[in-house]
Amino acid sequence: MSRISSLSSPFLLGFDEVERTLDRVAKSADGYPPYNVERIDAAPDAPLRLRITLAVAGFASDELEVALEEKELTIRGRQSEDAEPRIFLHRGIAARQFQRTFVLAEGMNVLGAELRNGLLSIDLVRPEPTRLAKRIDIISRS
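Here's a quick rundown of the structure.

Before going further, it helps to spend a moment on the packing of aromatic side chains. Counted by the stated rule, this structure contains three aromatic pairs. Between Tyr32 and Phe98, the ring centres sit 5.9 Å apart and the planes meet at 90 degrees, which makes this aromatic pair edge-to-face. Of the two residues, Tyr32 is situated in the loop between helix H1 (16-27) and strand S1 (35-40) and Phe98 in strand S5 (residues 98-103); the sequence distance between them amounts to 66 residues. By relative accessible area, which is 7% here, Phe98 ends up buried.

Spelled out as structure tokens, the structure:
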């Protein structure tokens, strides 16, 4: 059974990579760790700013990694084992490793990351793209 592509219109040319990216993101979506994405208010002339905030309670900064490769922002968390084994009567705070990936639009830049009170915040900015209009000459052959 073949799948019908949502980007299969003959007017959308060259979007195969976008469709593959959307499929990959949809398959990797799990709920841990929870996160927010918010728009940061800035001056009227300032570029668009976004903030991704992940709830990473129990993780130290050296147990977290934020990496940007191509257009993918990847956040990984890996806690080290305690030297002494602990006996939990109830364990409600997740301590598993995770990887969360965000696909960034062309031109998005990472400004920085900060860990405060169990929340990892990553600030992004997208400068206003320059509009490009180009006239294509038509060659006439007889």
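We are not done yet, so read on.
What follows deals with the pairing of strand S3 (residues 64-69). When S3 meets strand S4 (residues 72-77), the two strands line up antiparallel, connected through six bridges. Counterpart to Ala67 in the pairing with S4 is Thr74. Where S3 folds back onto S4 in an antiparallel hairpin, the turn is made up of two residues, including Glu70, whose phi is positive at roughly 55 degrees.

For the rest of this paragraph, the subject is the pattern of salt bridges. For the structure on display, the rule yields four salt bridges. With its nearest N and O atoms 3.6 Å apart, the salt bridge here joins Asp123 to Arg49. Placement of Asp123 in strand S7 (residues 119-126) and of Arg49 in strand S2 (residues 48-55) is noted, with a sequence separation of 74 residues between them. Among the residues examined, Asp123 registers a relative accessible area of 16% and is labelled buried. On the basis of relative accessibility, which here comes to 28%, the residue Arg49 falls in the partly exposed class. As a salt-bridge pair, Glu114 and Arg116 come within 2.8 Å of each other at their nearest N and O atoms. One continuous salt-bridge network, built from bridges that share partners, spans Arg49, Arg51 and Asp123.

The rules we used
Residues numbered from 1 in each chain as written. Predicted model: local features only at pLDDT ≥ 70, side-chain atom pairs only at ≥ 80, totals over all residues. Heavy atoms only, no water. Phe/Tyr/Trp six-rings, centres within 6.5 Å; stacked < 30°, edge-to-face > 60°. Helix = DSSP H or I, 4+ residues; strand = E, 2+ residues; numbered from the N terminus. Buried < 20%, exposed > 50% of the residue type's maximum accessible area, 1.4 Å probe, protein only. Pairing = 2+ DSSP bridges. Salt bridge = Lys/Arg side-chain N within 4 Å of Asp/Glu carboxyl O.

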